[in-house]
Amino acid sequence: MRFCRFGDNRLGLVEGANVRDVTTAFEVIPRQGYPFPTHDLFIENLDEVAARAREIASSAPSIPLAGLKFLSPVANPSKVVGAPINYQKHLDEVKSNAELHHNNEQHFAAIHKMGLFLKASSSLVGPGEGIALRKLDRRNDHEVELAAIIGKRCDRVSKEDALKYVAGYAIGLDLTIRGPEERSLRKSSDTYTVLGPWMVTADEIPNPGQLDLKIAVNGEIRQNSNTRYMILGVPELIEFASAFYTLNPGDIIVTGTPEGVSPIEPGDTIVATIEKIGSMEVKVRAA
Ligand code: MN
């Protein structure tokens, strides 16, 4: 199943070129009071929401996908986990370009040595909200990444068990301000994490390690690879992350970007595509 959030927080079930507005399926989510949970309640209750959505879909309004404003399919992740340099050819390009590594060894070590980083959850938007660039005196780069969305709470899981905890996948953009500071600062600006256009449930993608992914800027292909070239695959990333902290329903792992990162500027239009998920268009503006 493919779930999107669109417009003014509507829940959509994507069917071909149309979407069924199944927002009332959110009513199966148990009511909450203060202090509200700090994880995503839609994803935590995905099985129940999906069951209700299936019941009501055939009588729900059908709307063309074209022209919809897509929000992030996950509204409230407790964290966004990043994978630094998780493709060998991207590691090679960073090593060879001081504009990318700023002579900081932390910027060009392999992921095994470097570990993972966190992005502020306040950086998250959907493709319809666009990217608002800051620090225009510096280089800002696009990174297209497969995003895995955690479905069930997990702590210290093995890579063999890891995929059982995944709710689904989406296209992720991990935008980056270049510079000497830590990644968490440079990648956490508002709108610097884009998730969309919808979440494809994990049953439709049994092997996340075999998906073509690409990104075009103003119609020009800049990155074009396959997730089989990831150094650590989705199961290994979940094992790695959950060895250090609990992963909660709705947590997002952006799994690293292949070679071909390049600058973006206000006025650009980005189209990112991942096999078995789809495509999303994102407009770039100045903050
Ligand atoms: Mn990245």
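Residues numbered from 1 in each chain as written. Predicted model: local features only at pLDDT ≥ 70, side-chain atom pairs only at ≥ 80, totals over all residues. Heavy atoms only, no water.

Draft legend 1. Region of the structure containing the coordination of the manganese ion. Surrounding the manganese ion are the protein donor atoms Glu-143 (OE), Glu-145 (OE) and Asp-174 (OD), at 2.0 to 2.1 Å. In primary-sequence terms, the residues that donate to the manganese ion follow E-x1-E-x28-D. With a gap of 29 residues between them, Glu-145 in strand β11 (residues 144-150) and Asp-174 in strand β12 (residues 166-174) connect regions that are remote in the sequence. Across the pair, Asp-174 and Glu-145 agree in class, each one buried. (Donors = N, O, S within 2.8 Å, 3.2 Å for Na, K, Ca; no water. Helix = DSSP H or I, 4+ residues; strand = E, 2+ residues; numbered from the N terminus. Buried < 20%, exposed > 50% of the residue type's maximum accessible area, 1.4 Å probe, protein only.)

Draft legend 2. View of helix α8 (residues 234-244). Listed in full, the buried residues belonging to α8 are Val-234, Pro-235, Leu-237, Ile-238, Ala-241 and Ser-242. With its buried residues spanning 160° around the axis, α8 presents them on a single face. (Arc of directions from axis to C-beta.)

Draft legend 3. Highlighting the domain arrangement of the protein. Structurally, the protein comprises domain 1 (2-71) and domain 2 (80-286). For domain 1 and domain 2, the distance between their C-alpha centroids amounts to 24 Å. In total, domain 1 and domain 2 occlude about 1,400 Å² of area from one another, counting both sides; carbon and sulfur atoms represent 62% of this. Of all residues in domain 1, the largest losses of buried area upon contact with domain 2 belong to Arg-2, Ile-43 and Phe-70, amounting jointly to 44% of the total for that side. Counting across the domain 1 and domain 2 interface gives one salt bridge. With a closest N to O distance of 3.8 Å, Glu-204 and Arg-2 form a salt bridge. Remark: the boundary between domain 1 and domain 2 carries six residue pairs in polar contact (both at pLDDT 80 or more). Secondary-structure elements contributing two or more residues to the side of domain 1 that touches domain 2 are β1 (2-6), α1 (41-44), α2 (46-57) and β5 (70-71). (Domains from an automatic or database assignment. Buried area = accessible area lost by both parts, 1.4 Å probe. Salt bridge = Lys/Arg side-chain N within 4 Å of Asp/Glu carboxyl O. Polar contact = N/O pair within 3.5 Å; in protein donor to acceptor, adjacent residues only side chain to side chain.)

Draft legend 4. Structural view of the sheet that holds strand β19 (residues 278-286). Strand order in the open sheet made by the five strands is β9-β19-β18-β15-β16, with mixed pairing throughout. Of all the strands in the sheet, the pair left with one neighbour each is β9 (131-133) and β16 (220-226). Here the strands of the sheet are splayed against their neighbours by 20° on average, with no regard to which way each runs. Taken together, the six bridges between strand β18 (residues 269-274) and β19 define a ladder with antiparallel strand orientation. Note on β19: the bridge partner recorded for Thr-269 is Lys-283. (Pairing = 2+ DSSP bridges. Axes fitted to C-alpha atoms, helices over the stretch in contact; angles between N-to-C directions.)

Draft legend 5. Quick look at the environment of Glu-129. As for its position among the elements, Glu-129 is in the loop between β8 (124-125) and β9. Between the alpha carbons of Glu-129 and Arg-285 there is a distance of 10 Å; along the sequence they are 156 residues apart. A distance of 2.7 Å separates a polar atom in the side chain of Glu-129 from the backbone nitrogen of Gly-126.

Draft legend 6. Inspection of the environment of Gly-219 at higher detail. Following the sequence through the fold, Gly-219 ends up in the loop between β15 (212-217) and β16. Remark: the alpha-carbon pair of Gly-219 and Thr-38, spanning 181 residues in sequence, is separated by 39 Å.

Draft legend 7. Inspection of unusual backbone geometry at higher detail. Look at the link from Tyr-34 to Pro-35: it is a cis peptide, with omega at -5°. The amide bond that connects Gly-196 to the next residue, Pro-197, takes the cis arrangement and shows omega of -10°. Among the structural elements, Pro-197 can be located in strand β14 (residues 193-201). Positioned with a positive phi, Thr-191 is a non-glycine residue whose angle comes to about 80°. Position of Thr-191 relative to the elements: it lies in the loop between α7 (183-186) and β14. With relative accessibility at 8%, the residue Thr-191 sits in the buried group.

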